[in-house]
Amino acid sequence: MRAAVLHEIGQDKLEVLEDFEAVGFGPGKVRVRVRATGLCHSDLSAMNGVLPQPAPFVPGHEGAGEILEVGEGVRNLKPGDRVVLCWLPACGACPACKRGQTELCLAGFMNAGTPNFKRPGGDVFGFAGTGTFTEEVVVEAGCAVPIPDDVPFDIAALIGCGVTTGLGAALNTADLEAGSSVAVIGCGGVGISAIQGARLKGAAEIVAVDPVASRREAALKFGATRAVSPDELADAKQQVTAGEGFDYVFEVVGKSATARTAYENTRRGGTLVVVGAGAMDDFLQLNMFELFFDEKRILPSMYGGGDVLRSYERTITLWRAGRIDLAGLITHRVPLAEINEALDQMRTGTALRTCIEI
C-alpha cells in the first residue's frame, strides 16, 4: 500500500512509496481505510523536530475513513463503519480520566513508540500513534470514533484535530463571556476555529492577528470583527480596548515570542489561552512581580481542553445546524502523490487547511 514517509527528522520533503504494510492488527485493534486527511502544523513540527517523534515515520493525525476489519473483543465497530481517527484516545481508567480530564490521558502517547507500519527497509512509526498519510492504518479501537453517515470524510478529518482544538479552546478552556473582547494570534485552521468558537460564545470584538493577508481576509469571513498584521496589533488594542488589553487572547502559534506578545496584550485579570504546540527548549519568560500583580490567567489548552468524544458530537451538531463553517476551512485539495505541495501550502500560509484525498 502507499504511504508518505519522512526518513529522517529535519528533512523537508516526504517520499510517497508503495511498499508499506500496516502492522499490529489483533485483539482490540481495527484496520482503517483512510479516505481523507488534513495537514496540521503539528505534522510540520514533528518533521522539523519541534515535537518529539521517532523516525522514520508517516506523518498525519487528522484523518477519517472506514473500518475494514475489527479484532477480537471489539464490540462497538464493524466493517463499513465510518470513523474519525482520534490521536489522543482516553483509556477511562487513569487518574486523569477518572477526574474527567480525558484530554490529559497519556495512553495515546504510549502508542507513539510502537511502529504502525513496516516496509522492506524496516519498521516505520506513525505520528502520534496514528500516521494518516497512508491508505490504511491499524489503531486501537478507541482511536476510531464512529461518525454519522451524513458527515463527509473531509469534514470528519478536520474534526479529528484542528477544529476540535480551536473550538474547544474557546468553548471549553476559556469558556469566554458574551460581550467580551478577544484577540487570536495565528489564524490558520486552528485559529480560525477558535474565532468561530469565540463568535458562538458571543464575543463582541474578535481581532484576528496574522502576517498573511489571505488568512486575515479569511478570518473576517469566519467571524472576526477586524483583522490585523502583527505590527498593527498595538493600534487594534488601543482602538478596541482603549489600551487596557483584551479580555481573552489566544496564542495559536506555539512560540514563546508570540506567547509573550499575547500576555502583554491581555488585560489585567484577563485570560491568555495557549493553544499552539511548541518546542521543549523554547521558554516563556515572566517575572514574578507581573505574574502576581497583573493576575492574568494563563490557560494551556490541550486538544480543546475537554472530553474529546463529546467535543466531536458537539461539533457535528453545530455543523449540521449551520452554526459553524467547516467546509470553508478546506482551501486546497491534493492527492497523496502531491503531499509535498500541501506542505508548501502550509509553510507559506496560503492554505487554511489542505485536504489530502486518499
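Cut-offs applied
- Residues numbered from 1 in each chain as written.
- Predicted model: local features only at pLDDT ≥ 70, side-chain atom pairs only at ≥ 80, totals over all residues.
- Heavy atoms only, no water.
- 1 Å grid on protein atoms, 1.4 Å probe; cavity = no way out; pocket = protein on both sides within 12 Å on 5 of 7 lines; lining within 4 Å.
- Points joined across faces, edges and corners; volume = space filled by probe spheres on them.
- Helix = DSSP H or I, 4+ residues; strand = E, 2+ residues; numbered from the N terminus.
- Nonpolar A, V, L, I, M, F, W, Y, C, P; charged D, E, K, R; others polar.
- Buried < 20%, exposed > 50% of the residue type's maximum accessible area, 1.4 Å probe, protein only.
- UniProt positions renumbered as here; feature names shortened; annotations may be inferred.
- Contact = heavy atoms within 4.5 Å.
- Domains from an automatic or database assignment.
- Buried area = accessible area lost by both parts, 1.4 Å probe.
- Polar contact = N/O pair within 3.5 Å; in protein donor to acceptor, adjacent residues only side chain to side chain.

Some thoughts on the layout of surface pockets
- Space inside the second largest pocket adds up to approximately 180 Å³.
- Along its surface, the second largest pocket is lined by 14 residues, and P89, A90, G142, V145 and L309 are the ones closest to its centre.
- In terms of residues, the lining of the second largest pocket owes the most to one element, strand β11 (residues 144-146), which gives three residues.
- Among the residues forming the lining of the second largest pocket, the class breakdown is ten nonpolar, three polar and one charged.

Observations concerning unusual backbone geometry
- Going from A55 to P56, the amide bond is cis rather than trans, its omega being 0°.
- The phi angle at E295 is positive, at roughly 50°, despite the residue not being glycine.
- Along the polypeptide, E295 turns up in the loop between α10 (288-294) and β17 (297-300).
- Relative accessible area serves as the criterion here: at 62%, E295 is assigned to the exposed category.
- Phi at Y303 is positive, roughly 55°, even though this residue is not glycine.

Examining the UniProt feature "domain: Enoyl reductase (ER)" (unreviewed entry) in the protein chain
- UniProt records the feature "domain: Enoyl reductase (ER)" (unreviewed entry) for residues 10-352 in the present numbering.
- Secondary structure across residues 10-352 comprises 30% helix and 24% strand; the distance between its end C-alpha atoms is 23 Å.

So, the environment of R31
- Looking at where R31 falls in the secondary structure, it is placed in strand β4 (residues 29-38).
- For the pair R31 and C143, spaced 112 residues apart in sequence, the C-alpha separation works out to 11 Å.
- Residue contacts for R31: discarding those within four places in its chain leaves A22, F25, E66, I67, L68, E69, E136, V137 and V138.

Regarding the domain arrangement of the protein chain
- Segmenting the protein chain into domains produces domain 1 (3-161 + 306-357) and domain 2 (166-300).
- Look at where the C-alpha atoms of domain 1 and domain 2 centre, and you get two points 27 Å apart.
- Residue-level contacts link 19 residues of domain 1 with 22 residues of domain 2.
- Its largest share of buried area at the contact with domain 2, domain 1 owes to R314, L329 and L352, together 30% of the area lost on that side.
- Run the count over domain 1 and domain 2 and you get six residue pairs in polar contact (both at pLDDT 80 or more).
- Elements with a minimum of two residues in the side of domain 1 that touches domain 2: α11 (308-320) and α12 (339-348).
- Its residues assigned to classes, the side of domain 1 that touches domain 2 shows nine nonpolar, six polar and four charged.

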